[in-house]
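So the chains spell out like this:
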Amino acid sequence: MTFRQILPKIIPDNLTFIAVIGVQDPVRPEVPKAVKTAQEAGITVVEITGDCIETAVAIAEEAGIYKKGNLALTDAEFASMSDDEIKRAIPRLRVIARCSPTTKLRLVTLAQELGYSVAMTGDGTNDAPALTKSDVGFAMNSGTDVAKEAGDIILVDDNFASIVKGVKLGRTFMHNILMFLNFQLPINYSLLAMNFLYPIFLTGSFLTSALILIINIIMDSLNSLSFGGEPPKDEYMKEKPLKKGEGLFVNGSKKHIAINACVFSLAFGIMIFSPMKHLFTTEEAGL
């Protein structure tokens, strides 16, 4: 069969076939690495697109989103599934092709019911419901004003890699806060305990208001600056994400703070009841 026999009859016979031109929207070079980093951090990346299933799967494979054993669905297949079936499929789901606004919103809702923290990207007006429903909505800077209003964060460069960078910064801030609390709270708890116990066993106060103020200025201010200036570390992206709704004190922080507070309190107690206790009295300190 010749090429002219394959062409529709509406094409004039006096045309000469020269070439077939294919148009491709390539994946950005930094995206595969960003996807891999996100997956190592425990983030599941799902491609939701209006392209046909073949194109969607090809792009997902190139970006590292879709691998053998994962699940790729069309919008019609997704719509025909029950909520329970979708919930069972979500851990393996990586691609949804020909996706409609209803499907996007339904996917976000069901994923949240499973306890996932869901981030959604979008640039069109039809993405607004899903962006609003998601825990974090990433709107594209080149998108519509409706999408930007619905989103929580606007990606000025329309780049998926920027989302991964944002996750890394967020985890860095969390680590900095935890380091500050793990260092500061044991000392404050022990000082508070000694200020209550000291007048019971000995006369006077353990620390005067001036001493407490000096300690707070030195400890709180300098430590806040030092811990707050910690740079982002790649090792943070190797950790598993925290469960949704988990409190601030995680990874054994409460136990760490309690043990250190007891150690500091014991150390202060030994100093107070030792022969050097006169150094802590108001008269000897000259205050």
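Residues numbered from 1 in each chain as written. Predicted model: local features only at pLDDT ≥ 70, side-chain atom pairs only at ≥ 80, totals over all residues. Heavy atoms only, no water.

Structural notes on helix α6 (residues 101–113)
Along its 13 residues, α6 runs 19 Å from first to last C-alpha, staying within 8% of the 18 Å computed at 1.5 Å per residue. Burial in α6 covers these residues: Thr-103, Lys-104, Leu-107, Val-108, Leu-110, Ala-111 and Gln-112. If you follow the buried residues of α6, they end up packed against β1 (47–48), α4 (75–80), α5 (83–89), β3 (93–97), β4 (119–122) and α7 (128–133). Positive phi appears at Gly-115, one or two residues downstream of α6, with a value of about 95°. (Helix = DSSP H or I, 4+ residues; strand = E, 2+ residues; numbered from the N terminus. Expected span 1.5 Å × (residues − 1). Buried < 20%, exposed > 50% of the residue type's maximum accessible area, 1.4 Å probe, protein only. Contact = heavy atoms within 4.5 Å.)

Comments concerning a nonpolar patch on the surface
Residues Leu-213, Ile-214, Ile-217, Ile-218, Leu-222 and Leu-225 make up a contiguous nonpolar surface patch of about 620 Å² in total accessible area. Relative to the assigned elements, Leu-213 resides in helix α10 (residues 209–228). (Patch = residues over 30% accessible without salt bridge, like charges linked within 9 Å, V, L, I, M, F, W, Y side chains within 5 Å. Areas by Shrake-Rupley, 256 points an atom, 1.4 Å probe, with all protein chains shown as cover. Salt bridge = Lys/Arg side-chain N within 4 Å of Asp/Glu carboxyl O.)

Re the pairing of strand β2 (residues 71–74)
Covered by surrounding structure in β2 are Leu-71 and Leu-73 only, the residues Ala-72 and Thr-74 on the alternate face being uncovered. As judged from the 4 bridges shared by β2 and β3, these two strands associate in the parallel manner. Pairing of Thr-74 across the sheet is with Ala-97, part of β3. (Pairing = 2+ DSSP bridges.)

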